Amino acid sequence: MAEGEASKSQPTPEALPARDALLLLTWLSPGYPVGAYAYSHGLEWAAETGDVRDEASLRAWLGDVLAHGAARNDAILAAHAHAAGAQGDGPAAAALNDLALALAPSRELHLETSQQGRSFLDATCAAWPTPRLTALAAHLPGPVAYPVAVGLAAGAHGLARRTLLTGYLAAFLQNLVSAALRLSPVGQSAGTRVVAALGPGIAAVAAEADEAPLDALGAATVRLDLGSFRHETQYSRLFRS
């Protein structure tokens, strides 16, 4: 292949950050076909009981989800999935997926992660296929945990891992703020301030997860977990979790 042809087929180093940003903005956008808008991660029950009733309580609730709950666990799982994706390690991906699904503490939260993960992996394999991602997907024929699916795709496509983790966490929390707007404990201006206030925490958790072993997995959001069980029989519901 001539030098000019090679330069056209391979992205330049300067173009790589822009390509990473474009993929992540697309994959993690509200318009990506994973149905994230249908889940509140227990927030609907928290609003029903008054645990989340205003800007301060929403910020505190989401701060705990980020530092001590599923958001932190998801970031660690996504980091390890990224490594498996980069190496094309199908057995490691399958084992990590089994662990991730087992960590879901309720039926609804299991549905939340597995439905989004399956949808994400199928959509990404169809729209952005690579031989490595296709081979990895063959090891995951059933339910797929969402952070595992996103991490595998990012690793297979060579996206920077820290960028992935930061984007994933930001999208996770922004989706919950969007749910809070629909549940009406806060308005748009307050929701925007909550997103801004969580920014330093997102960066800190992403940095921790980038280096964390799987032994670092663990959550301490017991009231959220119990609320997820109670949401299954909540009288009036907008969300699936």
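Only a predicted model underlies this, so the values are computations on that prediction, with no experimental measurement involved.

Definitions and limits used
Here, residues in each chain are numbered from 1, in the same order as that chain's written sequence. Per-residue local features of the predicted model are confined to residues with pLDDT of at least 70, and side-chain atom pairs are confined, for both listing and counting, to 80 or more; whole-chain, interface and lining totals are unaffected and use all residues. Neither water nor hydrogens contribute to the side-chain values; these are computed over all heavy atoms in the structure. For helices, the fitted axis covers only the stretch in contact; all axes are lines through C-alpha atoms, and the angles between them, taken along N-to-C directions, range from 0 to 180 degrees. Helix and strand labels come from DSSP, where a helix needs a run of H or I of at least four residues and a strand needs a run of E of at least two; each type is numbered from the N terminus. Each angle receives one of four descriptions, namely roughly parallel if under 35 degrees, roughly antiparallel if over 145, roughly perpendicular if within 65 to 115, and oblique otherwise. Here a residue-residue contact requires only that any non-hydrogen atoms of the pair lie within 4.5 Å. Here a Phe, Tyr or Trp ring, Trp counted by its six-membered ring, pairs with any other such ring whose centre lies within 6.5 Å, and the pair is stacked when the planes are under 30 degrees apart, edge-to-face when over 60, and tilted otherwise. The buried label goes to any residue with under 20% of its type's maximum accessible area, the exposed label to any with over 50%, and the partly exposed label to all in between, with areas taken from a 1.4 Å probe on protein chains only. What counts as a salt bridge is simple: a side-chain nitrogen of Lys or Arg found within 4 Å of a carboxyl oxygen of Asp or Glu. pLDDT measures how confident the predictor is about each residue, on a scale from 0 to 100. What qualifies as a polar contact is a pair of N or O atoms within 3.5 Å, subject to a donor-acceptor requirement within protein and to the restriction that residues adjacent in sequence count only when both atoms come from side chains.

*Asks:* Hey, could you run me through the packing of helix 7 (residues 107–127) against helix 9 (residues 146–156) in this one?
*Replies:* The packing of two helices is summarised by the inter-axis angle and the distance between the axes. Relative to each other, helix 7 and helix 9 sit at 25 degrees, their axes nearing to 7 Å. In this view, helix 7 runs roughly parallel relative to helix 9, as classed from their interaxial angle. Contacts from Thr113, Gln116, Gly117, Phe120, Leu121 and Thr124 in helix 7 reach Tyr146, Pro147, Ala149, Val150 and Ala153 in helix 9.

*Asks:* Mind showing me how you'd approach the packing of aromatic side chains here?
*Replies:* By convention here, two paired aromatic rings are described through the distance between centres and the angle between planes. Tallied over the entire structure, the rule returns seven aromatic pairs. Look at tyrosine 168 and phenylalanine 172: their rings are 6.4 Å apart centre to centre, the planes differ by 40 degrees, and that puts the pair in the tilted class. Of this pair, tyrosine 168 and phenylalanine 172 both sit in helix 10 (residues 161–183), four residues apart, which is roughly one turn of the helix. Here the two residues tyrosine 168 and phenylalanine 172 agree in accessibility, since each one is buried. Each member of the aromatic cluster is reached from another via a ring pair, and the members are Trp27, Tyr32, Phe120, Trp128, Tyr146, Tyr168 and Phe172.

*Asks:* Just to check I follow, could you spell out the pattern of salt bridges for this structure?
*Replies:* All told, the structure shown has ten salt bridges when counted by the stated rule. In this structure, arginine 193 engages glutamate 55 in a salt bridge whose closest nitrogen and oxygen atoms are separated by 2.8 Å. Here the residue arginine 193 occupies a position in helix 11 (residues 188–211), and glutamate 55 occupies one in helix 4 (residues 55–68), the gap between them amounting to 138 residues. Note on arginine 193: relative accessible area 46%, which makes it partly exposed.

*Asks:* Is there a simple way to explain helix 9 in this structure?
*Replies:* Every α-helical turn comprises 3.6 residues, leaving residues that sit three or four positions apart pointing alike. Most of helix 9 is tucked away, with eleven of its eleven residues classed as buried. Among the residues making up helix 9, those that are buried are Tyr146, Pro147, Val148, Ala149, Val150, Gly151, Leu152, Ala153, Ala154, Gly155 and Ala156. Within two residues after helix 9, glycine 158 carries a phi angle of roughly 75 degrees, on the positive side.

*Asks:* Any chance you could explain the confidence of the model for the protein chain here in plain terms?
*Replies:* Of the residues in the protein chain, 93% have a pLDDT of 70 or more, and the chain-wide mean is 92. Confidence over residues 1–9 falls short of pLDDT 50; this stretch has two contacts with residues more than four positions distant or in other chains.

*Asks:* Please explain the side chain of serine 241 as it appears in this structure.
*Replies:* Note on placement: serine 241 falls in the segment after helix 12 (222–231). According to the relative accessible area criterion, serine 241 is buried, its value standing at 1%. Within the structure, serine 241 has its side chain in polar contact with the backbone nitrogen of histidine 41 (distance 3.1 Å). Of note is the side chain of serine 241, whose polar atom sits 2.5 Å from the side chain of glutamate 112. Residue contacts for serine 241: discarding those within four places in its chain leaves Ala38, Tyr39, Ser40, His41, Gly42, Glu108, Leu109, Glu112 and His231.

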